[in-house]
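Given next are the chains, with one letter for each unit.
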Amino acid sequence: AAAPGGGSLANEPASLRGRMLGRHVRGVPLPVRQRVVAIELLAAALSYDALKGPPHLALRHRMIGCFFKSLTVRHEEVVAVARDALAAVISQSKLQKELLQSSLRPILLNLADYRKLSVPLLQGLSRLLSLLSNFFNLTLGEKLLEHLRRWTDPEALAKAKTFRPGDDVKIPCAILSLFHLLPPAPDKFLTELVSVSLSLEAVLPGSTALGRHWSPHREALVPYLNRHAKETVSHLLDRITLPADAATKERREDVAKAFRFLLSLVRYKHAAEVRDELARQWQPLLQRTLEAARSTTERQVAAQLRYQGVALVHGLCKLKPDWLPSCPDVLQALVQIWSSQERLAAEEQAAMPLEQVRESKVIAKCFVSCLRHQAKALGDEIGDGHIELLFLMLSIFSHHTLVAYDFLKLFYLEEVATGYSVAQRVACLRYFLRFFQSSRTAREDRVQALQLIALPMLCASFAKGEGEAVLSKEVIATIVHRLLGGDMLASYDEALRIELLRLATLLIEHVPEQLVDHRKELIKFSWNHLKSEDTQSKQCAYVNVCRFIQVYDTPPKIILQVYVALLRTFQPDARALVKRALDILTPALPSRLPAGDHKYPTWIKWTKKIVVEEGHSLPQLIHIWQLVVRHPALFYSSSAQFVPQMVNSLNRIGLSPNCSTDNRRLAIDLAQLIISWEMQRIEAASLPTTRPASTGP
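The following refers to the structure shown.

Parameters and conventions
- Residues numbered from 1 in each chain as written.
- Predicted model: local features only at pLDDT ≥ 70, side-chain atom pairs only at ≥ 80, totals over all residues.
- Heavy atoms only, no water.
- Salt bridge = Lys/Arg side-chain N within 4 Å of Asp/Glu carboxyl O.
- Helix = DSSP H or I, 4+ residues; strand = E, 2+ residues; numbered from the N terminus.
- Expected span 1.5 Å × (residues − 1).
- Buried < 20%, exposed > 50% of the residue type's maximum accessible area, 1.4 Å probe, protein only.
- Contact = heavy atoms within 4.5 Å.
- Phe/Tyr/Trp six-rings, centres within 6.5 Å; stacked < 30°, edge-to-face > 60°.
- Lys NZ or Arg CZ within 6 Å of the ring centre and 35° of its normal.
- Axes fitted to C-alpha atoms, helices over the stretch in contact; angles between N-to-C directions.
- Parallel < 35°, antiparallel > 145°, perpendicular 65-115°, else oblique.
- Left-handed = near helix turned anticlockwise from the far one by under 90°.
- Nonpolar A, V, L, I, M, F, W, Y, C, P; charged D, E, K, R; others polar.

In total, this model carries 20 salt bridges according to the counting rule given. The partner of Arg-149 in a salt bridge is Glu-192, and the shortest N-O contact between them spans 3.1 Å. Taken as a pair, Arg-149 in helix α7 (residues 138-150) and Glu-192 in helix α10 (residues 186-202) lie far apart in primary sequence, 43 residues in all. With a closest N to O distance of 3.4 Å, Lys-579 and Asp-583 form a salt bridge.

If you want it as structure tokens, here you go:
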């Protein structure tokens, strides 16, 4: 049917016809669906020209008033369609002032008394403000602030007995979420809103004197703070300032609350405007925190200010990783804190607030974020500043602390060692050589540099086949002559000697051709450590010497001496390194110590001699049989020398009542090895012998 004014329902959009027909989400009650359809019908009727004339003005006003009333009901379906209808009316024509006043009067009357407030009422007001923000003035904001202050007194609210359970949180949050829709007036409301929000948080369960890390009130206020980000950041930075002459307990608690408030905004993903503004105001941030900490003589005040600055910088780094590399002054301030005596002294103090105990960890995370971004952004053009920062963090592993730095180790071992390009690794290794030789570098830092940077980088380079590209002749010569020799050698402690032995072993294993000219220096360095009293250092030297014997020609006397010494080393504390050394050396013995004219080679004779002469010691016997089991092919040609002793030792090794599981497993392996050797012998004996071809008739 044609509508008055020339309109027709058939000409309406398909989406509108569908809504009018009542196609809604399943589960919505029938009365709600009827109300939704009725509002849609009224909205459709208002679009016809016939209702826009003076005769129907009163009817039109009643229809619009129905939309206003529907904004405050508890059913979301009704509220949504009423808001859409009201927005369509406002877009078509300007509403008369009398109509607005009469339609808003019920809502405003309920706002006059805090006991009549409800979440649907405040949500309806929010929708009105989003549509008619210019109609309201700042008086509404003052009234809402007055209501908010009442919620800071839970006892008075309990006496009113007019609110549902949970309204003590929901209603203040709904009020706070209205302020960003009011006309802008940060000077009038900002200070009060922050203070009231902190007061509301103080009455929540679980709140402490230092405030909360987050709250629903803070989340509701974020849109307003984002709208006035510049004023918000300036106000909160002023509130976290802590002069020494006013550093009372109450003042420190107020500062801590304001600091947690600002820090939570920086970390909140939807507070981007506040975070960006704080990044722009990095100079006031430094002045009120890190620089203020250096200017005060009160240790507790300085520690609190220092941590506040560090935590805010870390919050920015976490969500803005490109910010810290672009602010060298902020980065330099963090470096100064890291190198300061105050931080080192704080590491030794146990009676510190938990947040301040984590100060070094937070700084390290800032450095990691900066290094990670620079490595990607600069590529092969990383400078000494980047590498210096990489080595600066090593000192944290030399201090005893309750804080775990596993994330930093993973960064070194995974991202730096394997993720850096060849050019970046070359730059790091060249800096490492200067760092190692510097007289200002602590011994512990040299050890950490080897463990976390140099050795992992070299291992990654060798695994990728990039060893020759990373190690130039100059670098190898410096390592051999300056690190493994020279005047510094006498000052090394055992931990450093162990890491250098690992370095030398790694180089011999992967780049033996480049070390041919340095064989004398290498064997001299490792041979001297064979006389060390430290067990681990001594066994690392044996591993190094075995790798040297495997790669380079060595006098047979030295080879036999090393092999026999390793056979006689069966102590538990050296088991792993001795096993590794023997597994390197034993496969090389047939070529290095051949039998020659003798039936059995020398190393086989010595192995049997030790079994016979020292086999009364069960650990010694187990040590040798484990070697034989690991290398059965090498001992097969001499199996007749060992099988009788193996059979005789099975009872001692695996059948005693108190023997360990490892010993029982070894006994089974020995029995299996004996059977395997015998089957191999039988198979070889069954093969026909081939005669040499005849050369004549």
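What follows covers helix α3 (residues 57-70). An ideal rise of 1.5 Å per residue puts 20 Å on 14 residues; α3 measures up with 20 Å between its terminal C-alpha atoms. Buried within α3 are the following residues: Arg-60, Met-63, Ile-64, Gly-65, Phe-67, Phe-68 and Ser-70. Buried residues along α3 sit against α2 (30-46), α4 (76-92), α5 (97-111) and α6 (119-132).

What follows deals with the side chain of Arg-218. Within the secondary structure, Arg-218 sits in helix α11 (residues 216-227). On the basis of relative accessible area, Arg-218 is assigned to the buried category, the value being 0%. Those residues in contact with Arg-218 that lie beyond four places of it in its chain are Ser-197, Glu-201, Arg-212, His-213, Arg-260, Phe-261 and Ser-264.

Further remarks concern the packing of aromatic side chains. Taken as a whole and judged by the stated rule, the model has 18 aromatic pairs. Between Trp-214 and Tyr-268, the ring centres sit 4.6 Å apart and the planes meet at 40°, which makes this aromatic pair tilted. Placement of Trp-214 in the loop between α10 and α11 and of Tyr-268 in the loop between α13 (249-267) and α14 (272-280) is noted, with a sequence separation of 54 residues between them. Seen in terms of ring centroids, Phe-436 and Tyr-492 are 6.0 Å apart; in terms of plane orientation they differ by 80°. Their pairing is edge-to-face. Taken together, the residues span a long stretch of sequence, with Phe-436 in helix α24 (residues 422-437) and Tyr-492 in the loop between α27 (473-483) and α28 (494-510) at a distance of 56 residues. As far as the burial class goes, Phe-436 and Tyr-492 line up, both buried. In this structure an aromatic cluster arises from ring pairing among Tyr-563, Trp-603, Trp-625, Phe-635 and Phe-642. We note Lys-365 situated over the ring of Phe-407; from NZ or CZ to the ring centre the distance is 5.4 Å.

Two numbers describe how α24 lies on α27: the axes approach to 11 Å, and their chain directions differ by 15°. Relative to α27, α24 is oriented roughly parallel. The interaxial crossing formed by α24 with α27 has left-handed handedness. Facing α24, whose interface residues are Arg-430, Phe-432, Leu-433, Phe-436 and Gln-437, α27 presents Val-475, Thr-478, Ile-479, Arg-482 and Leu-483. Grouping the amino acids of the contact of α24 with α27 by side-chain chemistry returns six nonpolar, two polar and two charged.

Let us look at the packing of helix α21 (residues 359-378) against helix α23 (residues 406-419). Between α21 and α23, whose axes approach to 10 Å, the crossing angle comes to 20°. Considered as vectors, α21 and α23 are oriented roughly parallel to each other. Remark: the crossing between α21 and α23 carries left-handed chirality. Packed against α21, whose contacting residues are Lys-361, Ala-364, Lys-365, Val-368, Leu-371 and Arg-372, the element α23 presents Phe-407, Leu-408, Phe-411 and Glu-415 at the interface. For the contact of α21 with α23, the per-class residue count stands at six nonpolar, no polar and four charged.

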